[in-house]
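Summary of the model geometry
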Amino acid sequence: MQISSRFTIAIHIFACVDVFKDDYKLTSDFLANSINVNPVIIRKVMQQLKRAELINVAKGTGGIEPTRPLSQITLLDIFRAVDSIENNQLFHFHENPNTQCPVGRNIHNGLDDKLLSIQQAMENRMAQITVADVINDTQNYIKKEND
């Protein structure tokens, strides 16, 4: 199981918007070049971010703006916006455990609450990290490269 790459692509989009907003026209082609994916993927992720009201997009002009300060957009906001997991469940449980088997009959009782608590812990941590945190760290790495 993996979380969809749309999650990290979305964060990368926010970083590019912040770093390049004053110097480049931020089109899906420009972003795709930085992220090294097809522009169609960028447009899909941007649609999801827009639908979640995390960005505004000016069609044709390459204008992308966050709807609020990056210090107020968390990784959890992005995670939820881009449908990183199916049915809001991080863990996909195998469909039909054998109810004739004592383990199969009871595995959900023994495991479901534990998996849910793991997902909640991950989401709680994601809620504490903002896009601004990621961009600040990225900017520090860029600065080190240039020193």
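The structure contained in this document is the topic of the report that follows. (Residues numbered from 1 in each chain as written. Predicted model: local features only at pLDDT ≥ 70, side-chain atom pairs only at ≥ 80, totals over all residues. Heavy atoms only, no water.)

Turning our eyes to something else, we now look at the overall build of the chain. If you tally the helices and strands in the chain, you get six helices and two strands. For 147 residues, the compact-globule estimate of 2.2 N^0.38 gives 15 Å, and the chain exceeds it by more than 25% at 19 Å. Seen along its three principal axes, the alpha-carbon backbone of the chain occupies a region of about 65 × 35 × 25 Å. A total of 147 residues make up the chain; the buried ones form 33% of that total. Of the contacts formed within the chain by residues at least 6 apart in sequence, a portion of 63% connects residues at least 24 apart. (Helix = DSSP H or I, 4+ residues; strand = E, 2+ residues; numbered from the N terminus. Rg over C-alpha atoms; globule rule 2.2 N^0.38 Å. Buried < 20%, exposed > 50% of the residue type's maximum accessible area, 1.4 Å probe, protein only. Contact = heavy atoms within 4.5 Å.)

Moving on to the nonpolar core. Nonpolar side chains in soluble globular proteins generally cluster together in the buried interior. Ranked by size, the top nonpolar core spans 34 residues in total, and within it F7, I13, F14, I42, L49 and I78 carry the most contacts. Residue assignment for this core shows that the elements contributing at least two residues are helix 1 (6-20), helix 2 (28-35), helix 3 (39-51), helix 4 (75-81) and helix 6 (131-146). If one sorts the elements of this core by residue count, helix 1 sits on top with nine residues. (Core = buried A, V, L, I, M, F, W, Y, C linked by side-chain atoms within 4.5 Å.)

In this structure, N36 takes a positive phi of about 65° despite not being glycine. Its place among the elements puts N36 in the loop between helix 2 and helix 3. Take N36: its relative accessible area is 70%, and that puts it in the exposed class. Positioned with a positive phi, E53 is a non-glycine residue whose angle comes to about 60°. Relative to the assigned elements, E53 resides in the loop between helix 3 and strand 1 (55-58).

Counted by the stated rule, this structure contains four salt bridges. The partner of D113 in a salt bridge is K114, and the shortest N-O contact between them spans 3.5 Å. By relative accessible area, which is 48% here, D113 ends up partly exposed. (Salt bridge = Lys/Arg side-chain N within 4 Å of Asp/Glu carboxyl O.)

Enumeration according to the criterion identifies four aromatic pairs in this entry. Ring centres of F7 and F79 lie 5.6 Å apart, and the angle between their planes is 90°; this geometry places the pair in the edge-to-face category. Residue F7 is found in helix 1, and its partner F79 is found in helix 4; the two are separated by 72 residues along the sequence. Given the relative accessible area of 3%, F79 is considered buried. (Phe/Tyr/Trp six-rings, centres within 6.5 Å; stacked < 30°, edge-to-face > 60°.)

Further remarks concern helix 6. Between its first and last C-alpha, helix 6 extends 23 Å over 16 residues, near the 22 Å set by a 1.5 Å rise per residue. Residues of helix 6 that are buried include every one of V131, A132 and I135, and no others. Looking straight down helix 6, one finds that the buried residues subtend no more than 85° of arc, so they occupy a single side. More than 90 degrees from the buried face of helix 6, the exposed residues found are Y141 and K144. Tucked inside the fold, the buried residues of helix 6 contact helix 1 and helix 4. (Expected span 1.5 Å × (residues − 1). Arc of directions from axis to C-beta.)

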